[in-house]
Every structure is written in C-alpha cells, then in structure tokens.
Amino acid sequence: MKGSILDLAVAMPRHYIKMEHFAAERDIEPNKLLVGLGIEEMAICAPGEDTVTLAASAAWELLEKHPDKRKEIGLCIAGTETGVDSAKSLAVYLHGLLKLPSACRVFETKHACYAGTAALQMALGWAHQHPKRYALIIASDIARYERHSPGEPTQGGGAVAMLVGMADAADALLQLSPISGLHASDVNDFWRPSYQSTAMVRGKYSMSCYLEGLEAAYLDYRRQVDNLSVPDHLLFHVPFPNMAQKAHRRLMEIQGMTQRDVQTSDFALRVSPSLWANRRVGNIYTGSLYLALAGLCERKGQELAGQEVALFSYGSGSCSEYFTGTFGQRIAQPRLEEMMSQRIEVDIHQYERLMDACIRMEKNGSYQLDLPGTGAPYTYTGIHQHERIYRNNVSRAYRRSHAARANFQSSPAINAVV
Ligand code: HMG
C-alpha cells in the first residue's frame, strides 16, 4: 500500500466567456490570447457561487461516488488563496455542508497556488499514520485581476476535490512517491492584499520566479534520486497553458535537450494532453495543477494505468515542489467535457456585471433569502449579520436529476443580473 490519490472530482462556475470575444471587446489581437497565452475560454462566477460552494460542489460529487468512505474521513484540508474569513477555515464550512464525521481534523492551508499541494502532501503523511482512514483535500479558488490589466485574461475559478489514503495500485488513481524536490524564496511576484478584491502581480517577473522555482525544485529532486526515470507525463501548475510550455522547455534544457523540434514533439506527447481543460476554464490557482491531472485522466482514461507522471506545483511568493507518482488501475472519470457543455456563455458586459455582483455579495447585508441557485448542490446566499449563509440544495430529487445528468438551469435571478 502506498500514499495515494484514490479519486478526484472537479467543480467549475456555470458561466464562461470565449476569449475571441473578450479580445475583440478589449481591443487585443485574439491570437495573443488564443495562441500566445493558450486560453480559449474563461470561467466566471455568478452570485450564489463562491470559494466554499465550488469546493463543496467538487467534494459532494466525489463523496457521492464513495458513500462507504464518507464516515472514514478523519482529515479535511482546504487549500485556497481566496479565503472567505481570516479565522474560520474553508474546511470547516465544508465539514458542515458535507456532514463529515465530527472526529475529523479540519483546517485551511495558504500559500498562493501551492496551498493545494501543501494540503495533499500533509494528507499523504497523515495517511501513513492512519492507514484505515481517508483524507478529503480540496483546492478551491477564484482568480481576479484588475479590469483592463494584462492579467485580466488569465482569470478563472473552480475547485478540485481529492480523496487521499493508503492504497494498492488496484484501488488507486495515483500512487505518490515520498520524494519531493523543494524550493522556497521570499519574492513579490504576485500577492493578494486582504483589503483588495483583485490580485497584485508583476507579470513578467512572476514568470521568471516560476521558472526559477521549477529549476531549483527539479534539481533538488534530482539530487535525491539515484536512478532517474523518464516520466510518461509531465503536469505543471497552469496559470495559462503556455506557461506550461515554457516550463517544459526549461526542464528539457536542464536535461540537455535543446533542439526546438525535439522539445515540440515531446511537449505534444507528454504535456499537451493535460492542458485542454485549463484552456477552457482559466487559472483556478490552487486547483490548476490538479485540473491538469483531471484533464489528463479524462483524455487518456485506462491507458494511464501503470504509467509514471511528474508534477510541478508553484505558488507565488514563492514555494515550488516537484514530485512524482505512478498511475494505479482506477483512473478517475471527472466528466469535465460534460460539465463544460452545460455552461452558459456570456458576453463582456454580462461578465463585468456578474463580477461586480459577486463582489457586492462579499459585503455584510448582502443576504438574499430567495437567491436562486446555479444548479450546484450548494448556494451562497450572502452575508447576514456578518455571517455567511449557505443553502443546501441536495434533496432526493436533486440526486436523481444529477444522476440523470440533467442540464444545469440558469436561474431567473442570474439571468436578471447578466
Ligand atoms: P502581457 O504582457 O500582456 O502579454 O501579459 P505578452 O505581451 O507577454 O504576450 C503574451 C504572449 O503572447 C507572448 O508569448 C507574446 O509573444 C504572444 P511569449 O513571447 O511569452 O512566448 N503574442 C502573440 N502570439 C500570437 N499572436 C499574436 C501575439 N501577440 C502576442 N498576435 C502575462 C502576459 C502572463 C504577464 C499577464 O497575463 C499576467 O500578468 N498574468 C498574471 C500573472 C501570471 O499568470 N503569471 C504566471 C507565473 S506566476 C504563477 O503561475 C502564480 C499564479 O498562478 C498565482 C499564484 O501562485 O497564486 C499567477
């Protein structure tokens, strides 16, 4: 038995904008976004959705697939950089909404996009001490940059929930090696002051910090491993898909493979198949690396069983980790394509109105008793007397329609907003 991810599930906002329309409205050459950054669509949150509901939706979907394991969950860690409270953890909101066992360690981790990996690694250590129990790890975020800034096209939102425990290959999605390459450095490349609703970023500098973190973490990994194997797949943190291409190129150069045509064909083989979902959702910060893992599972399916993968996690500020694993026999089926096909496309004016409406929901007094849901299992209805109020939409009928894969309904209130 090895410390493993047993399964995963993804949640994404119900609305999105196509980048060709975004580019036209912002007077940007479309290929700068489509080709230069590699983004096709960007997910947008609507009133009713926040970091908690995205996280809870992903976790609900995951636990629906593993009802027998719910009562064995002894650890719930939520990694986020879009925390909703400075004291009350995102994990304890989830604990309540998901009705997890009371004998459970719950907390939130924070380190920019690295927080999901911090949570996962902690859970893997915990799993060795508690081989009969399971950990629920959720990475959930909403990316927001200043309107009209270079970062604006690299927004997004979503969550990935993972079930972690000790497992044989037959029961694992991914068995992880205990060896990690690490690098930490105090830099100001990207940060989110608590008094702002948008991030501060030094874009080009952040890209060089990311690549320095990759190089240092990889070299640290290499120092610890006697016989380096060539992984079948390389997964990267994906702020925008072409960052993964730059990262791959850097890795190839460190390994002495400098010819561009070799790099291009290797990228197509070992990296590209994991990026399609990130292209259509955008940056989901803590969950981006694990969205790439979900995307790869959906594209490749059982073909992955027994194959090796290397993962690189980067969180601005900064902390980097390079680690590896071997796919087990239980490859996840996250139904990403299906979720995407049920989303609602908006134009730039609707996108701006949705974003403004979400920011207004973060103020005391925003509570709306009858705010309709977005079709997700939980709805954030606003703040009443300084408390965040969530509505649980899960009923027998909801479960039935979910199992029947009924289309998500865009609520009247949301239609009114957009
Ligand atoms: P920019 O400066 O507006 O873009 O913003 P650019 O001028 O560098 O162009 C982008 C690419 O498009 C370039 O490609 C251009 O050549 C190309 P490159 O040279 O880099 O390969 N291009 C075109 N291609 C085809 N046809 C055209 C065309 N025009 C130009 N017509 C930037 C880019 C990423 C800086 C901006 O979007 C930004 O600030 N984003 C946010 C920061 C970010 O994502 N940083 C990534 C590393 S840090 C990280 O990953 C951590 C993070 O996730 C946060 C966390 O940890 O919590 C952000």
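Here, the structure is the one placed above.
Since we're looking at a predicted model, the values are computed, not measured.

Gln263, Asp266, Phe267 and Arg270 are the residues of helix H9 (residues 260-270) that are buried. Each buried residue of H9 sits inside an arc of 105 degrees when the element is viewed along its axis, so together they form one side. H9 presents Asp261 and Leu269 as exposed residues on the side facing more than 90 degrees away from its buried surface. Looking at the packing, one finds that the buried side of H9 touches strand S11 (233-236) and helix H8 (241-254).

This next bit is on the pairing of strand S6 (residues 134-143). In terms of burial, S6 is a largely internal element, 10 of the 10 residues being buried. Burial along S6 is two-sided: Tyr134, Leu136, Ile138, Ser140 and Ile142 facing one way and Ala135, Ile137, Ala139, Asp141 and Ala143 facing the other are all buried. Relative to S6, strand S4 (residues 73-79) is paired through 6 bridges, and the arrangement is parallel. Looking at S6, one finds that isoleucine 77 is bridged to isoleucine 137. In this sheet, strand S7 (residues 156-167) lies alongside S6 in antiparallel orientation, the contact comprising 9 bridges. From the neighbouring strand, alanine 143 faces S7, where its bridge partner is glycine 156.

Before going further, it helps to examine the sheet that holds S11. What the 9 strands build is an open sheet, ordered S5-S4-S6-S7-S1-S8-S13-S12-S11; its pairing is mixed. For this open sheet the edge positions go to strand S5 (105-109) and S11, each flanked by a neighbour on one side alone. Between one strand axis and the next, the sheet turns by 25 degrees as a mean value, whatever way the strands run. Both strand S1 (residues 2-11) and S7 contribute to a ladder of 9 bridges, which runs antiparallel.

Criteria and cut-off values
Residues numbered from 1 in each chain as written. Predicted model: local features only at pLDDT ≥ 70, side-chain atom pairs only at ≥ 80, totals over all residues. Heavy atoms only, no water. Buried < 20%, exposed > 50% of the residue type's maximum accessible area, 1.4 Å probe, protein only. Helix = DSSP H or I, 4+ residues; strand = E, 2+ residues; numbered from the N terminus. Arc of directions from axis to C-beta. Contact = heavy atoms within 4.5 Å. Pairing = 2+ DSSP bridges. Axes fitted to C-alpha atoms, helices over the stretch in contact; angles between N-to-C directions.

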